[in-house]
Amino acid sequence: MANILENQLVQVLEKQLDEQLDRLDNLDTDDLKAIREQRIKEMKEMNQKKQEWLKNGHGTYSELADEKEFFEISKKSPNIVCHFYRDTTERCRIVDMHLKILAGKHIEAKFCKVNAEKSPFLTQRLRIKIIPTIVLIKDSKTKDFVVGFTDLGNCDDFSTDMLEWRIAQSGAIDYKGDLMIPPDMKKKSFINRVHKTIRGGYDSDDSDIDFDD
């Protein structure tokens, strides 16, 4: 029975592939021209987006001067990865190291940091109680929080890839890997806890921040 089902599935896939190849074979000059023009249009639009991102400070990891600047960049950059730190917290320097790398890799998001002690209004508004906390904003909405290092294996020597994977859970950055499996496979014990935290922890309620305040 299993072999029959497998053969049927193979036949369906082969038929779908044959149909796709037939469509490609039957494309005329106008079709190919339309595909090429669409591709060129998409490339131009992406290049324009990249230029706009760079203009708004994407591609670098920077510190915001105050709460006012946070709300200003929130109007320009819908996707933000913001680290709330404190000078006296050693783990914040570990986060800085990784975010500097990721900022250059993911120019689609604005990577920045805010001194929690100098921004009490914003820190209280976002209900930040543990330092470091990374606030993840997608399409101008607070989507998620990376609180301390719990979701990163609860250790100080997590990899940049691990933090990238965790940030990608929010959708704030583009990610080409498998979102279901963390890259640090040696730390399998916390996979389920990470997903549980993402779904049910830390008030991740997709709430809006009023950026006009």
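Everything discussed here concerns the structure shown above.
Attention here is on the structure that accompanies the text. These numbers were taken from a predicted model, which means no experiment stands behind them. (Residues numbered from 1 in each chain as written. Predicted model: local features only at pLDDT ≥ 70, side-chain atom pairs only at ≥ 80, totals over all residues. Heavy atoms only, no water.)

### Some points on the packing of helix H4 (residues 90–105) against helix H6 (residues 160–168)
Relative to each other, H4 and H6 sit at 65°, their axes nearing to 10 Å. For H4 against H6, the interelement crossing comes out right-handed. Seen from H4, the contacting residues are His 98, Leu 99, Ile 101, Leu 102 and Lys 105; seen from H6, they are Thr 160, Leu 163, Glu 164 and Ile 167. Of the residues in the contact of H4 with H6, the class split is five nonpolar, two polar and two charged. (Axes fitted to C-alpha atoms, helices over the stretch in contact; angles between N-to-C directions. Helix = DSSP H or I, 4+ residues; strand = E, 2+ residues; numbered from the N terminus. Left-handed = near helix turned anticlockwise from the far one by under 90°. Contact = heavy atoms within 4.5 Å. Nonpolar A, V, L, I, M, F, W, Y, C, P; charged D, E, K, R; others polar.)

### Side note on the pattern of salt bridges
Think of it this way: side chains of opposite charge can pair up when their charged atoms draw near. Going through the model one piece at a time under the given rule, you end up with six salt bridges. Residue Arg 93 pairs with Glu 90 through a salt bridge whose shortest N-O separation is 3.1 Å. Pair noted here: Arg 93 and Glu 90 are both in helix H4, with a separation of three residues, about one helical turn. Overall, Arg 93 belongs to the partly exposed group, its relative accessible area being 43%. One salt-bridge network, held together by shared partners, links Asp 144, Asp 151 and Arg 166. (Salt bridge = Lys/Arg side-chain N within 4 Å of Asp/Glu carboxyl O. Buried < 20%, exposed > 50% of the residue type's maximum accessible area, 1.4 Å probe, protein only.)

### A word on H6
Think of an α-helix as 3.6 residues a turn; residues three or four steps apart then line up on the same face. Among the nine residues of H6, eight are classified as buried, and the element is accordingly described as predominantly covered. Considered for burial, the residues of H6 that qualify are Thr 160, Met 162, Leu 163, Glu 164, Trp 165, Arg 166, Ile 167 and Ala 168.

### Some words on the side chain of Glu 67
Here Glu 67 is to be found in helix H3 (residues 67–76). An unpaired buried charge is present at Glu 67: no salt bridge exists, and Arg 125, the closest side chain of opposite charge, is 8.9 Å distant. A polar contact is formed between the side chain of Glu 67 and the backbone nitrogen of Phe 121, at a distance of 2.9 Å. Setting aside chain neighbours within four positions, we find Glu 67 in contact with Ser 119, Pro 120, Phe 121 and Leu 122. (Lys, Arg positive; Asp, Glu negative; His and termini not counted. Polar contact = N/O pair within 3.5 Å; in protein donor to acceptor, adjacent residues only side chain to side chain.)

### Some details on the sheet that holds strand E2 (residues 80–85)
Strand order in this open sheet of five strands is E1-E3-E2-E4-E5, and the pairing throughout is mixed. At either margin of the open sheet sits one strand with a lone partner, and together these are strand E1 (61–63) and strand E5 (141–147). For this sheet the average axis-to-axis angle between neighbouring strands, irrespective of direction, equals 25°. Those strands touched by H4 are E1, E2, strand E3 (110–115) and strand E4 (133–138), and its axis lies near 160° from that of E2. (Pairing = 2+ DSSP bridges.)

### Looking at H3
Regarding H3, the residues found buried are Glu 67, Phe 70, Phe 71, Ile 73 and Ser 74. Across the axial projection of H3, the buried residues extend over an arc of 165°, all falling on one side. Along H3, exposed side chains directed more than 90 degrees from the buried face belong to Lys 68, Lys 75 and Lys 76. (Arc of directions from axis to C-beta.)

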